[in-house]
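Survey of secondary and tertiary structure
Each chain is listed here by its residues.
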Amino acid sequence: MAFSQQTREEALARAGGRCECTRRCVHHAGHRCNADVSAGGMHFHHILSPWAGGPDTLMNCEVLCTACFRFASSYGTQ
């Protein structure tokens, strides 16, 4: 499953072009990452994974920088 173009555009507008990650990633300890996603790439990540029933909706979409996406993909979404 994948997010529609409209959902991606709405998520990016909501995020203000910045990473929305609030996990305890190595490069930002629990506060919002806020990295500029236009500079280093962006990823549209399911908060609740599709295999766990997560829908392809705006409420389940977060914009992540590459570093946070790698962390979230490697260690789960929480």
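That block above? That's the structure.
An account of the accompanying structure is given in this report. These figures come from a predicted structure and were not determined experimentally.

It is worth spelling out unusual backbone geometry at this point. Most of the time, phi is negative for any residue but glycine, and the peptide bond is trans. The backbone phi angle of Asn34 is positive, close to 70°, even though this residue is not glycine. Along the chain, Asn34 turns up in the loop between β2 (28–29) and α2 (37–40).

This next bit is on the pattern of salt bridges. Evaluated as defined, the whole model comprises two salt bridges. Arg23 is paired through a salt bridge with Glu62; the nearest N and O atoms lie 2.4 Å apart. With a gap of 39 residues between them, Arg23 in the loop between α1 (5–15) and β1 (24–25) and Glu62 in strand β4 (residues 61–65) connect regions that are remote in the sequence. With respect to class, Arg23 is no different from Glu62; both count as buried.

The next thing to look at is α1. Burial in α1 covers these residues: Thr7, Ala11 and Ala15. Angularly, the buried residues of α1 cover 65° about the axis, an arc narrow enough to put them on a single face. Facing away from the buried side of α1 by over 90 degrees, the exposed positions are Gln5, Gln6 and Ala13. Those residues of α1 hidden inside the fold are in contact with β3 (42–46) and β4. In the segment just after α1, Gly16 is the residue with positive phi, at about 65°.

A few words on the nonpolar core. Within the largest apolar cluster, 16 residues are counted, with the highest numbers of intra-cluster contacts made by Cys19, Cys21 and Cys68. Sorting the residues of this core by element identifies α1, β4 and α3 (66–75) as the ones contributing at least two each. If we ignore the near neighbours within four places in the chain, the residues touching Cys68 are Cys19, Cys21, Cys25, His27, His28 and Cys33.

With that settled, consider the side chain of Glu62. A residue is classified by how much of its surface remains accessible, and Glu62, at 9% relative accessible area, is buried. Here Arg23 takes part through its side chain, which lies 2.4 Å from a polar atom of the side chain of Glu62. For Glu62, the contacting residues outside a window of four places in its chain are Arg14, Glu20, Arg23, His43, Phe44, His45 and Ile47.

As a further point, take the environment of Leu12. Within the element layout of this structure, Leu12 appears in helix α1. The class for Leu12 is partly exposed, based on a relative accessible area of 27%. Expressed as a C-alpha distance, the spacing of Leu12 and Val37, which sit 25 residues apart in the sequence, is 9.2 Å. If we skip the residues at most four places from it in the chain, Leu12 touches Gly17, Val37, Met42, Phe44 and Val63.

The rules behind these values
Residues numbered from 1 in each chain as written. Predicted model: local features only at pLDDT ≥ 70, side-chain atom pairs only at ≥ 80, totals over all residues. Heavy atoms only, no water. Helix = DSSP H or I, 4+ residues; strand = E, 2+ residues; numbered from the N terminus. Salt bridge = Lys/Arg side-chain N within 4 Å of Asp/Glu carboxyl O. Buried < 20%, exposed > 50% of the residue type's maximum accessible area, 1.4 Å probe, protein only. Arc of directions from axis to C-beta. Contact = heavy atoms within 4.5 Å. Core = buried A, V, L, I, M, F, W, Y, C linked by side-chain atoms within 4.5 Å. Polar contact = N/O pair within 3.5 Å; in protein donor to acceptor, adjacent residues only side chain to side chain.

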